Amino acid sequence: MKMQTMTSLVALAAVAGLSFGATAQDSGELQSIYEKSRPDYDAAGIRSGSFLFNPTIEGSGKYNSNIFARREGATATSPGEVDDFIWQVKPGFSLNSDWSQNAFSLYADADIAKYTDNSREDYEDFNIGLNGRLDIQRDMSFNYGVRYSDTHEDRGAPDTNGLQDELTTFETFAANVGFVRDQSIVSLAIDADYESLSFSNPDLIGGGTLNNRDRDREQYGASVRLGYEIDQYYEAFVRVAANRIEYDDSTLDGGPQRNSDGYEIVAGAAFDITGTSSGEFFGGYVKQSYDSNSLNNIDDFTFGASLLWSPTGLTSMRIGVTRLVQETVVADQDENGGLAFASGILGTAYRVDLEHELQRNVLVTAGAGYTKNSYANVVREDEDYAATLGAKYLLNRNLSLNADYSWQYRDTTAQGQDFKRHIFMVALKAQW
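Position numbers for residues count from 1 along each chain, tracking the sequence in the order it is written. Two thresholds apply to this predicted model, a pLDDT of at least 70 for residue-level local features and 80 or more for giving and counting side-chain atom pairs, whereas whole-chain, interface and lining totals are computed over all residues. Processing note: side-chain calculations cover all non-hydrogen atoms of the structure and skip hydrogens and water entirely.

**With respect to the nonpolar core**
The cut-off we apply is this: Definition of nonpolar core: a set of buried residues of the types Ala, Val, Leu, Ile, Met, Phe, Trp, Tyr and Cys, connected through side-chain atoms within 4.5 Å. Classification of residues uses two cut-offs on accessible area relative to the type maximum, computed with a 1.4 Å probe and protein chains only: under 20% is buried, over 50% is exposed, and between them is partly exposed. By definition in these notes, contact holds between two residues if any of their heavy atoms fall within 4.5 Å.
Core analysis: the biggest nonpolar cluster contains seven residues, these being Ile67, Phe68, Ile86, Ala113, Tyr115, Tyr123 and Leu167. The contacts of Ile86, once residues within four sequence positions are left out, are Ser60, Gly61, Lys62, Asn64, Ala113, Lys114 and Tyr115. With six residues, the next largest nonpolar core counts Val330, Ala340, Ile345 and Tyr375 among its residues.

Quick look at the structure:
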């Protein structure tokens, strides 16, 4: 089984915990209903020599019942939930090579949002990057990527402050290189990555600023994956990963030294049953060790799974489970009732998404998720629940109409930080 054909699980730190995605798949591989090619409705692209240029732009209207992610009901310290209507424009493009060997892709996108009644929540996010592959010989290649983004942090993120008068924005620079050898029955993948994050200092209600400089950091990571092909459908593998996280100065405002080293060792199996299902599952051990003696290390059993299943040609289901250690500067009560800083977050996320094709140009989707975030060194625990419904109507090659509804709910031991919200969105997307 070729390593490129296996569905991979990507875990990301997100607003309410973790989220899942899959790597792009080549033609002929199993794909979800929303990913499948539809020649009558796919944009042809604009050819320039051996490159294809694909511009897009999306305009949407969105209603959010709780834009500040606050607890229901007004109190002496909080005015409670505030709703608003948001206008969004999302332009973007990709430039992809059409070569028989090697590959190169350049992409950029933006998300510009304007709030009807709360203009201080307006944001202008953008993201630009490139990816490439250098083929050495058949089933052996180097890959690389570089990305820069300037985005904002959702009001429901754990490290936001309820007294902020404006959003926290942050810049990310990331780069990665890798090597893949997938010849005969043994496969090898080696990856290295780097990420730098720099956070803004937002204004506070009543004056002053929130100093986020103690969150600025650099992260280094590397992993090795060795696989053994059992037969044409199944592969056993072992993966070892390590990381180093270095903060610019996490001791600002009295915080601890947050520099740390971590590693993860897992073993599992991947499968690719042509036309029916693909995915992987694994289990192992994860540990993050902090330089400061005041922060407890995180060490625990880790596990993960990803499954893409297509019971019929009109329906697909994607299931994901993973554990991830995340960074935080949150302070809360410790076991003795005193105030302490959390070492980090051990998050466990579960997600299922169902997609169905009602007609060739009418698609519907539904999904549900649950995340439990346990904060090391303090007693705080968050439970995040999410549900989504969506529909897509493909008008022609260039236009599609999308409608989505999402529900989010957080149940947390942190004082006054429970919240729920409903988000409705209708969008028109143009592509060429």
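From this point, things continue past the structure.
**Remarks on unusual backbone geometry**
Rule in force here: Segments assigned H or I by DSSP are reported as helices when at least four residues long, segments assigned E as strands when at least two residues long, and all are numbered from the N terminus.
One non-glycine residue, Ala69, adopts positive backbone phi at about 50°. Along the polypeptide, Ala69 turns up in the loop between β4 (51-64) and β5 (84-97). Classification of Ala69 as buried rests on a relative accessible area of 13%. Of note, Asn377 is a non-glycine position whose phi angle comes to about 85°, a positive value. In this structure, Asn377 sits in the loop between β20 (362-375) and β21 (381-394).

**A look at the side chain of Ser149**
Let me state the cut-off plainly: For this analysis, a polar contact is any N or O atom pair within 3.5 Å, provided that within protein one partner can donate a hydrogen and the other can accept it, and provided that sequence-adjacent residues contribute only side-chain to side-chain pairs.
Within the fold, Ser149 resides in strand β8 (residues 140-152). Here Arg147 takes part through its side chain, which lies 3.3 Å from a polar atom of the side chain of Ser149. Beyond its immediate sequence surroundings of up to four residues, Ser149 is in contact with Phe126, Asn127, Phe170, Glu171 and Thr172.

**As for the pairing of strand β16 (residues 315-326)**
Consecutive side chains along a regular strand alternate between the two faces of the sheet. Selection criterion: The pairing criterion is simple: DSSP has to find at least two bridges between the two strands.
Strand direction decides the pairing type here: strand β15 (residues 298-312) and β16, joined by seven bridges, are antiparallel. Paired with Thr312 across the strands is Thr315, a residue of β16. In this structure, the hairpin formed by β15 and β16 is closed by a connection of two residues. Looking at chain direction, β16 and strand β19 (residues 345-359) are connected through twelve bridges and run antiparallel. Bridge pairing in β19 places Gln326 opposite Ile345.

**Details of the pattern of salt bridges**
For the record, the criterion: Salt bridge, as used here, is a side-chain nitrogen of Lys or Arg placed within 4 Å of a carboxyl oxygen of Asp or Glu.
Applying the stated criterion across every chain, the model contains 25 salt bridges. The partner of Arg120 in a salt bridge is Glu166, with the nearest N and O atoms 3.5 Å apart. Here Arg120 is found in the loop between β6 (103-115) and β7 (123-137), whereas its partner Glu166 is found in the loop between β8 and β9 (169-183), with 46 residues between them in sequence. With a relative accessible area of 43%, Arg120 lands in the partly exposed category. The network of salt bridges with common partners includes Arg120, Asp165, Glu166 and Asp203.

**Thoughts on a nonpolar patch on the surface**
This is how it is decided: To count toward a patch, a residue needs a relative accessible area over 30% and no salt bridge; like charges are then connected within 9 Å, while nonpolar side chains (Val, Leu, Ile, Met, Phe, Trp, Tyr) are connected within 5 Å. Where accessible areas are quoted, they stem from the Shrake-Rupley method and a 1.4 Å probe; at the residue level, only the protein chains shown are allowed to cover.
A grouping of Ile185, Val186, Leu226, Tyr228, Ile230, Tyr233 and Tyr234 is seen on the molecular surface, where their side chains present a nonpolar patch of about 640 Å² in accessible area. Relative to the helices and strands, Ile185 resides in the loop between β9 and β10 (186-199).

**Some thoughts on the pairing of strand β11 (residues 217-229)**
Here β11 shows one buried face, formed by Arg217, Gln219, Gly221, Ser223, Arg225, Gly227 and Glu229, and one open face, formed by Glu218, Tyr220, Ala222, Val224, Leu226 and Tyr228. Relative to strand β12 (residues 234-247), β11 is paired through 13 bridges, and the arrangement is antiparallel. The residue of β12 that forms the bridge with Arg225 is Arg239.

**A closer look at the environment of Ala110**
Within the secondary structure, Ala110 is located in strand β6. When near neighbours in sequence (up to four residues on either side) are disregarded, Ala110 contacts Val89, Lys90, Pro91, Asp125 and Phe126.

**Considerations on the packing of aromatic side chains**
Spelled out, the test is: Planes of paired rings set the category: under 30 degrees apart is stacked, over 60 is edge-to-face and the rest tilted, where pairs are Phe, Tyr or Trp rings (Trp by its six-membered ring) whose centres lie within 6.5 Å.
Under the criterion given, the structure shown has 16 aromatic pairs. When the ring of Phe142 is compared with that of Phe179, the centres are 5.3 Å apart and the planes differ by 50°; the resulting orientation is tilted. Separated by 37 residues along the polypeptide, Phe142 in strand β8 and Phe179 in strand β9 bring together distant segments of the chain. Residue Phe142 is classed as partly exposed on the basis of its relative accessible area of 41%. Considering the side-chain rings of Tyr350 and Tyr370, the 6.2 Å spacing of their centres and the 25° angle between planes classify their relative orientation as stacked. Of this pair, Tyr350 sits in strand β19 while Tyr370 sits in strand β20; the two residues are 20 residues apart in sequence, bridging distant segments of the chain. The class of Tyr350 is partly exposed, set by a relative accessible area of 37%.

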